[in-house]
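# Commentary on secondary and tertiary structure
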Amino acid sequence: MISRDENAASTELSYIFTFLLGVALLSTFTFWTYNIETATRERWNEGAIEANLDDIAEAIERADTYARNYDNGTYSEKVAWRFTEADETLLSLSLTDTELILIDSTGDLTTQVELSGMGTGHMETQFSISGYTHIWVIHEDGKTRIDTAPL
């Protein structure tokens, strides 16, 4: 004798809905954690770039102080460049009389650090930082400049 038992069908439907709820919750959790990871990585990257620029600016200020105290002297300082998540082939450093500027060709990370401008003079300097782990701050012949190699 054949009977129509619908209990099994409702149990199967509850399994399917439970599975779909689990997939939806896991997808939401994955998206949420991805956004947190991305925001953390971007914040770390911006912090590393800011620290790099601050270190170089401080070295430039020390070179300017040296230049004010010693007219004909030569000064050089090696500043470590921290690794970043940014594509460094797109990044350039530029030094003007009053600013140290990081130029990002995409425009996302372009930033600047104000300098005192109290030194005896700066040379207009710009170069790509791709592949370099150190930046040199050099004062010679009455000019302060940044470069990728020592004197």
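In this text the structure is predicted, and so the values were computed from the model without any measurement.

## Some words on the packing of aromatic side chains
Applying the stated rule across the entire model yields 3 aromatic pairs. Aromatic pair Y66 and Y70: ring centres 4.8 Å apart, planes at 35 degrees, arrangement tilted. Residue classification places Y70 among the partly exposed positions, given a relative accessible area of 48%. Between Y66 and Y75 the ring centres are 5.3 Å apart and the planes differ by 35 degrees, which places this aromatic pair in the tilted class. By way of ring pairs, the aromatic residues Y66, Y70 and Y75 are connected into one cluster.

## As for a negative patch on the surface
Taken together, the side chains of E42, E46, E50, D54, E58 and D108 present a region of like negative charge at the surface. Looking at the element boundaries, D54 is found in helix 1 (residues 7–69). Looking at D54, the relative accessible area reads 32%, which means it is partly exposed.

## What to know about the sheet that holds strand 7 (residues 143–147)
Strand order in this open sheet of 3 strands is 1-6-7, and the pairing throughout is antiparallel. Taken across any chain shown, the strands that pair with only one partner, and hence form the sheet edges, are strand 1 (75–80) and strand 7. Taken over all neighbouring pairs, the strand axes of this sheet differ in orientation by 15 degrees on average, direction set aside. Bridge count for strand 6 (residues 134–140) against strand 7 is 5 bridges, and the pairing is antiparallel. Looking at the pairing, E140 lines up with K143 of strand 7.

## Notes on the pattern of salt bridges
Any two side chains of opposite charge can pair, so long as their charged atoms come close to each other. Counted by the stated rule, this structure contains 5 salt bridges. The partner of E140 in a salt bridge is R145, and the shortest N-O contact between them spans 2.7 Å. By relative accessible area, which is 25% here, E140 ends up partly exposed. Owing to a relative accessible area of 15%, R145 belongs among the buried residues under this scheme. A salt bridge links D147 to R145; the shortest N-O distance between them is 2.9 Å.

## Concerning the side chain of S92
You can see S92 is positioned in strand 2 (residues 91–95). What S92 contacts, discounting residues up to four positions off in sequence, is I101, L102, I103, Q126, F127 and S128.

## Quick word on the nonpolar core
Grouped together as the largest cluster of nonpolar side chains are 24 residues, with contacts concentrated most on I56, L93, L100 and I146. Elements with a contribution of two residues or more to this core: helix 1, strand 1, strand 2, strand 3 (99–104) and strand 6. If near-sequence neighbours (up to four positions away) are discounted, I56 is found in contact with V79, W81, L93, L100, I135, V137 and I146.

## A word on the confidence of the model for the chain
The predicted coordinates ought not to be read in detail in places where the model reports low pLDDT. Overall, the predicted model of the chain reaches an average pLDDT of 86, with 91% of residues at or above 70. Within the chain, the lowest mean pLDDT, 85, falls on strand 5 (residues 125–128), and the highest, 93, falls on strand 1.

## What to know about unusual backbone geometry
Apart from glycine, the bulk of residues carry a negative phi angle, and the bulk of peptide bonds sit in the trans form. The backbone phi angle of D141 is positive, close to 55 degrees, even though this residue is not glycine. Looking at where D141 falls in the secondary structure, it is placed in the loop between strand 6 and strand 7.

## Points about the pairing of strand 6
Across the 7 residues of strand 6, 5 count as buried, placing the element largely inside the fold. Examined bridge by bridge, strand 1 and strand 6 share 6 bridges and lie antiparallel to one another. Bridge pairing in strand 6 links K78 to W136.

Each value, and the rule that gives it
Residues numbered from 1 in each chain as written. Predicted model: local features only at pLDDT ≥ 70, side-chain atom pairs only at ≥ 80, totals over all residues. Heavy atoms only, no water. Phe/Tyr/Trp six-rings, centres within 6.5 Å; stacked < 30°, edge-to-face > 60°. Buried < 20%, exposed > 50% of the residue type's maximum accessible area, 1.4 Å probe, protein only. Patch = residues over 30% accessible without salt bridge, like charges linked within 9 Å, V, L, I, M, F, W, Y side chains within 5 Å. Areas by Shrake-Rupley, 256 points an atom, 1.4 Å probe, with all protein chains shown as cover. Salt bridge = Lys/Arg side-chain N within 4 Å of Asp/Glu carboxyl O. Lys, Arg positive; Asp, Glu negative; His and termini not counted. Charge placed at Lys NZ, Arg CZ, Asp CG, Glu CD. Helix = DSSP H or I, 4+ residues; strand = E, 2+ residues; numbered from the N terminus. Pairing = 2+ DSSP bridges. Axes fitted to C-alpha atoms, helices over the stretch in contact; angles between N-to-C directions. Contact = heavy atoms within 4.5 Å. Core = buried A, V, L, I, M, F, W, Y, C linked by side-chain atoms within 4.5 Å. pLDDT = per-residue confidence, 0-100.

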